[in-house]
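A structural walkthrough
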Amino acid sequence: MLLLMLAGLYGLVKAFVGMSMSDYQGECPQHMIPRTKRSIMRERGKKIRLTAEFGRPYKCIVDSFKSYKLDDWLHFLATFSLYVLQEDMLHPSMQAMWQKLRQACLLLFCPTHCQVFNQPAYSYSAYQECTLIANMSSKPSNHLATSSRLMTVSMQPCTKLKLYLE
């Protein structure tokens, strides 16, 4: 299960953010965040203040996502993304995919964050929905769809075992 959790953060979340923050020429493709919105995200990041108990300080997702560590990704996913990616930062299909991806990872990493009876099964379901959205989206999200599909296949034994034990 630990490997699935790491694959979710280091694989899917990192791939999603990397794909959204890629450089582009000319008009912005729908799967990427436009430069104007990236500057809004930077400004929002400058306003984030944390207490010492929280852990690492916030690193700007736009400028520093390539150097994020595991706890940076987890903090961004659980806390900072709610503020930094709010409103219309992402295209609606990408926003829906992000919400499902966020839900699936949080169900695995923070079971107390989302009080759910059967976390692996609900997480598996959220990954499946993320895969469906990625398959319906534009071509550049094929890598994300493939990765998400691999996560759902890898999670099948965990969900069946969990269901069997209950």
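What comes next concerns the included structure.

Analysis parameters
- Residues numbered from 1 in each chain as written.
- Predicted model: local features only at pLDDT ≥ 70, side-chain atom pairs only at ≥ 80, totals over all residues.
- Heavy atoms only, no water.
- 1 Å grid on protein atoms, 1.4 Å probe; cavity = no way out; pocket = protein on both sides within 12 Å on 5 of 7 lines; lining within 4 Å.
- Points joined across faces, edges and corners; volume = space filled by probe spheres on them.
- Helix = DSSP H or I, 4+ residues; strand = E, 2+ residues; numbered from the N terminus.
- Nonpolar A, V, L, I, M, F, W, Y, C, P; charged D, E, K, R; others polar.
- Phe/Tyr/Trp six-rings, centres within 6.5 Å; stacked < 30°, edge-to-face > 60°.
- Buried < 20%, exposed > 50% of the residue type's maximum accessible area, 1.4 Å probe, protein only.
- Lys NZ or Arg CZ within 6 Å of the ring centre and 35° of its normal.

**Some points on empty space enclosed by the protein**
Using the criterion set out here, one finds 2 cavities of 30 Å³ or more in the structure. When its volume is computed, the largest cavity comes out at roughly 50 Å³. Contributing to the lining of the largest cavity are Phe16, Val17, Ser20, Met21, Ile33, Met41, Ile61, Phe76, Leu85, Leu90 and Trp98. Top element by residues in the lining of the largest cavity is helix α1 (residues 2–20). It accounts for 3 residues. Counted by class, the lining of the largest cavity contains 10 nonpolar, 1 polar and no charged residues. There is about 30 Å³ of room inside the second largest cavity. For the second largest cavity, the full set of lining residues is Arg56, Pro57, Tyr58, Lys59, Tyr68, Asp72, His75 and Phe80.

**Some remarks on the packing of aromatic side chains**
Summed over the entire model, instances satisfying the criterion amount to 5 aromatic pairs. Both rings, one in Tyr58 and one in Phe80, keep their centres 4.8 Å apart while their planes meet at 70°; by these two values the pair is edge-to-face. Taken together, the positions of Tyr58 in the loop between α2 (35–46) and α3 (61–64) and Phe80 in helix α4 (residues 70–84) put the pair 22 residues apart, joining distant regions of the chain. Using a relative accessible area of 5% as the deciding quantity, one classes Phe80 as buried. Through pairs of rings, three or more aromatic residues link up here, namely Phe16, Tyr68, Trp73, Phe76 and Trp98. Residue placement shows Arg35 over the ring face of Tyr24; its charged tip is 4.0 Å from the ring centre. Looking at Arg44, its charged tip hangs above the ring of Tyr83, at a distance of 5.9 Å from the centre.

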